[in-house]
Amino acid sequence: MKPEDYSRRQQELAGWAVTIETYKLGEVYHCTIANVDPGARFARADGTTKEEAESRAIEKATRYLAQTRKFEV
Amino acid sequence: MKVMANVLVNTDWVAQHATDAGVRVVEVDVDTSSYDQGHVPGSAGWNWTTELCDTLVRDIVPAKKLEELLGKSGIDNKTTIVLYGDNNNWFAAWAFWQLKVYGHDDVRIMDGGRKKWLAEGRDLTTDKASFTATTYKAGAPDLSLRAFLPEVQQAVAGKKAALVDVRSPQEFSGEILAPPGLPETCQRGGHIPGAKSIPWGKNCNDDGTFKSFDELKALYAEKGIMGDQPVIAYCRIGERSSLTWFAMKYLLGFDNVKNYDGSWTEWGNLVGAAVEKP
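### Some details on the overall build of chain B
If you tally the helices and strands in chain B, you get nine helices and 11 strands. For 278 residues, the compact-globule estimate of 2.2 N^0.38 gives 19 Å, and the C-alpha radius of gyration of chain B, at 18 Å, lies within 12% of that figure. C-alpha extents for chain B along the principal axes are approximately 50 × 40 × 40 Å. Residues counted as buried form 51% of the 278 residues belonging to chain B.

Next comes the structure, spelled out in structure tokens:
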């Protein structure tokens, strides 16, 4: 099988820059979200549509990002 | 210095040789579920959280466990192992480093990793490959590739080795304790005194491939890392620094480079350890 409908974009979530990567394999859309810096994948979700997979992954990512604390340096 | 020419293969090479006899492609990801979301046909999938470490004490994979993993993956001591994974090959580099610690001769990394393979629209399968089991014999660990805490402490005190912190600038400065979205795993933020900040991502192009020799040489030279003195790379748990270790040792040919896998989760939790903040 070849991945279809591949997309990769950057946007801001909860104040952090993230990369959202989505593709369809077979009948399933897979979405993963990584922080831009340092580039670690930290949330993912599947769905029957691109929108479903991305909205689920974004919901998780937003929740995780809200727990990231910033300290004064 | 000796640059190794055969440690990187491109995606074309993998597409042509993934199922060749004597070649085993292995996916190793940060996100251990990535393999199940589609992988290179014929590839094995290794889980870094359970298969590439000691799950009882904090340590790299024990020799016997590695022998079992490689054996069930159909890998013998002469197999060409080609590693790839997500996050521009973070944990592929982690696996590469451990395989070199145990003396496997022919290990390579697919340049660009999973990101490039996907972006190129290449074949994926969700079928788990099966392999004829083999017998593998690990070598004695080569500890010249690995730095432990006392050596890092000596490096700080005596300035006999250059320390390279490959985490993000915000982790280096102590503004954050972990990459955004990931759990905090240390008590203090900042960096090891004297360390130079050279984030791992600067080794790579946008498509995930490694930069050229000249670009890498300039990157490290700008921070005074020329390969003429010992270097110790570290990050948070040792996987990002494996990638930098790989770039310095195999793409630049630095002789004396070690990966400090204790990294910030050791140093940043150590009672009394000096911490530097900009």
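### With respect to the domain arrangement of chain B
Residue and element names in this part refer to chain B. Domain boundaries assigned for chain B yield domain 1 (8-140) and domain 2 (144-267). A separation of 23 Å is found between the C-alpha centroids of domain 1 and domain 2. Opposite the 19 residues of domain 1 that make contact, domain 2 presents 16 residues. Those elements that place two or more of their residues in the side of domain 1 that touches domain 2 are helix H3 (86-101) and helix H4 (113-119). The element that contributes the greatest number of residues to the side of domain 1 that touches domain 2 is H3, accounting for 10 residues. Residue composition of the side of domain 1 that touches domain 2, grouped by class: 11 nonpolar, four polar and four charged.

### Notes on the environment of Lys159(B)
Along the chain, Lys159(B) turns up in the loop between helix H5 (149-158) and strand S8 (162-165). For the pair formed by Lys159(B) and Ala63(B), sequence separation is 96 residues and the distance between their alpha carbons is 33 Å.

### Describing the nonpolar core
Residue and element names in this part refer to chain B. In this structure, Leu83, Ala95, Phe96, Val231 and Ile232 are the most contacted members of the largest nonpolar core, which totals 98 residues. Here the element with the most residues in this core is H3; it accounts for 10 residues. Looking at which domains feed residues into this core, each of domain 1 (8-140) and domain 2 (144-267) supplies at least three.

### Notes on the environment of Lys60(A)
Residue and element names in this part refer to chain A. Relative to the assigned elements, lysine 60 resides in helix H1 (residues 50-65). Classification of lysine 60 as partly exposed rests on a count of 17 C-beta atoms within 10 Å. Expressed as a C-alpha distance, the spacing of lysine 60 and isoleucine 33, which sit 27 residues apart in the sequence, is 9.3 Å. The residues contacting lysine 60, other than those within four sequence positions of it, are Ala43 and Ala45.

So, how was this worked out
Residues numbered from 1 in each chain as written. Chains lettered and ligands numbered in written order. Predicted model: local features only at pLDDT ≥ 70, side-chain atom pairs only at ≥ 80, totals over all residues. Helix = DSSP H or I, 4+ residues; strand = E, 2+ residues; numbered from the N terminus. Rg over C-alpha atoms; globule rule 2.2 N^0.38 Å. Buried ≥ 20, exposed ≤ 12 C-beta atoms within 10 Å, placed from the backbone. Domains from an automatic or database assignment. Contact = placed C-beta atoms within 7 Å. Nonpolar A, V, L, I, M, F, W, Y, C, P; charged D, E, K, R; others polar. Core = buried A, V, L, I, M, F, W, Y, C linked by C-beta atoms within 7 Å.

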